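Spelled out, the chains give:
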Amino acid sequence: MTYLAKPKLHHPTLACNAIGFTRRDYEGKISTLCAGCGHDSISAAIIQACWELDIEPHRVAKLSGIGCSSKTPDYFLGQSHGFNTVHGRMPSVLTGANLANRELIYLGVSGDGDSASIGIGQFVHAIRRGVNMVYIVENNGVYGLTKGQFSATADQGSVSKKGVANTDSPLDLVTMALQLGASYVARGFSGDKKQLVPLIKGALSHRGAAFIDVISPCVAFNNHAGSTKSYDYVREHNDAVNQLDVMVPRSEIAVDYAAGDTIAVEQHDGSVLRLHKLDAAYDPRDRIGAMNLIQQRHARGEVVTGLLYVDPGADDLHGHLKTVARPLNALDAAELNPGAAALAKINAGLR
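None of the values given here were measured: they were computed from a predicted structure.

1. Concerning the overall build of the protein
When its secondary structure is counted, the protein shows twelve helices and 13 strands. Whereas a compact globule of 351 residues would reach a radius of gyration of roughly 20 Å, the protein reaches 21 Å, a difference of no more than 12%. The C-alpha extent of the protein, read off along each of the three principal axes, is 70 × 60 × 50 Å. When burial is assessed residue by residue, the protein has 49% of its 351 residues classed as buried. Of the contacts formed within the protein by residues at least 6 apart in sequence, a portion of 69% connects residues at least 24 apart. Element-wise, carbon and sulfur atoms account for 55% of the exposed surface of the protein, whose accessible area totals about 16200 Å². The centroid of the 33 positive side-chain charges in the protein is displaced by 6 Å from the centroid of its 34 negative side-chain charges.

2. With respect to the nonpolar core
Across soluble globular proteins, nonpolar side chains show a tendency to be buried alongside one another. In terms of nonpolar packing, the biggest core is built from 37 residues, with Ile136, Tyr184, Ile200 and Leu204 touching the most fellow members. Among the elements that line this core, the one with the most residues is helix H1 (residues 38–52), at seven residues. Not counting the four nearest positions on each side in its chain, Ile200 is found in contact with Ala45, Ile46, Ala49, Ile136 and Ile212. Formed by 33 residues, the second largest nonpolar core is a distinct cluster that contains Leu94, Tyr106, Met176 and Leu317.

3. Quick word on the pairing of strand E1 (residues 60–64)
Across the five residues of E1, five count as buried, placing the element largely inside the fold. Burial along E1 is two-sided: the face carrying Val60, Lys62 and Ser64 and the face carrying Ala61 and Leu63 are both buried. In this sheet, strand E3 (residues 105–111) lies alongside E1 in parallel orientation, the contact comprising five bridges. Note on E3: the bridge partner recorded for Val60 is Ile105. Judged from the four bridges that link them, E1 and strand E2 (residues 81–84) form a sheet pairing that is parallel. Across the sheet, Lys62 pairs through a bridge with Gly82, a residue of E2.

4. What to know about the sheet that holds E2
Strands sit in the order E2-E1-E3-E4-E8-E7-E13-E9 across an open sheet of eight strands; the sheet is mixed. With one partner strand each, in any of the chains shown, E2 and strand E9 (238–240) form the two edges of the open sheet. When the angles between neighbouring strand axes are averaged without regard to direction, this sheet yields 20 degrees. Alignment of strand E7 (residues 184–189) against strand E13 (residues 303–310), held across four bridges, turns out to be antiparallel. Looking at the pairing, Tyr184 lines up with Val310 of E13.

5. Focus: the UniProt feature "domain: Thiamine pyrophosphate enzyme TPP-binding" (unreviewed entry) in the protein
The UniProt record marks residues 66–214 with the feature "domain: Thiamine pyrophosphate enzyme TPP-binding" (unreviewed entry), using the residue numbering of this structure. Regarding residues 66–214, the helix share stands at 33% and the strand share at 23%, and the terminal C-alpha atoms are separated by 17 Å.

6. Quick notes on helix H6 (residues 173–180)
The buried count for H6 comes to six of eight residues, which makes it a mostly enclosed element. The set of residues buried in H6 consists of Leu173, Val174, Thr175, Met176, Ala177 and Leu178. Measuring from the backbone nitrogen of Val174 back to the side-chain oxygen at the start of H6 gives 3.1 Å, which picks out Asp172 as the cap. Positive backbone phi, approximately 100 degrees, marks Gly181, located one or two places after H6.

7. Section: helix H7 (residues 193–204)
Along its twelve residues, H7 runs 16 Å from first to last C-alpha, staying within 8% of the 16 Å computed at 1.5 Å per residue. With ten of its twelve residues buried, H7 lies for the most part within the structure. Gln195, Leu196, Val197, Pro198, Leu199, Ile200, Lys201, Gly202, Ala203 and Leu204 are the residues of H7 that are buried.

8. Some remarks on the side chain of His39
Mapped onto the secondary structure, His39 falls in helix H1. Not counting chain neighbours up to four residues away, the residues in contact with His39 comprise Leu33, Cys68, Ser69, Thr72, Glu138, Asn140 and Ser216.

9. Focus: the pairing of E3
Most of E3 is tucked away, with seven of its seven residues classed as buried. Here E3 shows no split at all, with Ile105, Leu107, Val109 and Gly111 on one side and Tyr106, Gly108 and Ser110 on the other all buried. Here E3 pairs with strand E4 (residues 133–139) via five bridges, running parallel. Within E4, the position partnered with Ser110 by the bridge is Val137.

10. Focus: the packing of aromatic side chains
Using the criterion set out here, one finds five aromatic pairs in the structure. Geometrically, the ring pair formed by Phe123 and Tyr135 is edge-to-face, given 5.5 Å between the ring centres and 85 degrees between the ring planes. Taken together, the positions of Phe123 in helix H5 (residues 120–128) and Tyr135 in strand E4 put the pair twelve residues apart, joining distant regions of the chain. What makes Phe123 buried here is its relative accessible area of 0%. Given a relative accessible area of 1%, Tyr135 falls into the buried group. Put simply, the rings of Phe123, Tyr135 and Phe211 pair up and form one aromatic cluster. Over the ring of Phe76 we find Lys62; its NZ or CZ atom is 5.4 Å from the centre of that ring.

11. Considering the environment of Phe150
Within the fold, Phe150 resides in strand E6 (residues 149–150). Once the C-alpha coordinates of Phe150 and Ala165 are considered, the two residues, 15 residues apart in sequence, prove to be 9.4 Å apart. If sequence neighbours within four positions are ignored, Phe150 has contacts with Gly141, Val142, Tyr143, Ser158, Val159, Ser160, Val164, Ala165 and Asn166.

About the cut-offs
Residues numbered from 1 in each chain as written. Predicted model: local features only at pLDDT ≥ 70, side-chain atom pairs only at ≥ 80, totals over all residues. Heavy atoms only, no water. Helix = DSSP H or I, 4+ residues; strand = E, 2+ residues; numbered from the N terminus. Rg over C-alpha atoms; globule rule 2.2 N^0.38 Å. Buried < 20%, exposed > 50% of the residue type's maximum accessible area, 1.4 Å probe, protein only. Contact = heavy atoms within 4.5 Å. Areas by Shrake-Rupley, 256 points an atom, 1.4 Å probe, with all protein chains shown as cover. Lys, Arg positive; Asp, Glu negative; His and termini not counted. Charge placed at Lys NZ, Arg CZ, Asp CG, Glu CD. Core = buried A, V, L, I, M, F, W, Y, C linked by side-chain atoms within 4.5 Å. Pairing = 2+ DSSP bridges. Axes fitted to C-alpha atoms, helices over the stretch in contact; angles between N-to-C directions. UniProt positions renumbered as here; feature names shortened; annotations may be inferred. Polar contact = N/O pair within 3.5 Å; in protein donor to acceptor, adjacent residues only side chain to side chain. Expected span 1.5 Å × (residues − 1). Phe/Tyr/Trp six-rings, centres within 6.5 Å; stacked < 30°, edge-to-face > 60°. Lys NZ or Arg CZ within 6 Å of the ring centre and 35° of its normal.

Next up, the structure:
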């Protein structure tokens with residue numbers, strides 16, 4: 001339980017990354033989620049990704065809303081900045097924090113209820129503005145905290161644990177993110193760590209709005225026959241379009257993929273996304289193609305996973321607004337207040 005502190009003593013043989021941190025240094029408190037919850041697997045993938053990228057924990061700001069998913073930031077990156085917002089309002093708080101201090105790495109964690117229902121307007125505007133962030137939705141198709149009602153992402157025709165069929169059409173947050181202009185869009189599965197860790201690493205290295213939808217089965221209320229977000233269903237219907245490696249400028253990553261087409265995409269920080277194509281006709285640089293493929297596969301009952309779209313040359317909200325390079329929270333009063341003459345000139349230009 002969270003009131004039981006993890007031991008601070010680390011075994012002397014634990015491996016360290018390039019900045020001297022062990023994987024334990026990226027952990028948080030003990031999880032209180034149900035045993036087997038997919039969300040804990042996502043937390044483990046975030047920990048692994050940050051450790052492999054040699055990210056200093058104090059450089060990360062993690063934000064969340066309300067729900068089982070929004071509890072998870074307490075279970076990873078215990079030395080990072082954290083803010084738990086009200087239901088559905090994480091994106092706007094993250095946007096404000098990002099505008100005030102652009103030097104932090106922003107990681108927003110939400111759920112399908114928090115983002116696709118009460119927070120859908122917040123999700124839409126944060127994505128379309130291109131906020132420089134990693135936005136992860138831990139998607140289980142139900143409201144786990146309130147005993148398993150369908151969420152807005154539940155597939156039409158899926159059956160609840162009580163035997164009730166969902167009659168509503170689902171919202172596909174991946175397709176919405178593509179339509180709204182997100183420059184890094186991926187879908188993963190909490191049960192596939194080998195795929196998920198590189199997807200998170202690529203998002204953390206990306207500049208712009210990076211969105212990852214992670215299918216994360218709810219073992220208490222949505223892991224039964226008839227669910228389209230159970231472990232068995234996703235494993236049987238998973239259609240991975242590519243496999244991803246993230247190559248940082250200072251190191252080489254060995255790849256054990258079989259022969260096939262490979263795409264190398266260099267990002268703004270010098271990191272290279274190397275995608276091994278499993279679908280010969282798929283190009284992750286084609287936004288329209290990504291949307292078409294998702295809809296085609298969904299009609300067959302398949303779940304498309306992998307890096308679905310990336311724009312390596314994308315800009316972010318600060319670039320759009322042409323803000324100064326220095327964080328706004330570091331500017332003094334004189335720099336923030338140019339004076340009455342400057343204000344009068346601005347007002348005159350608006351008449």
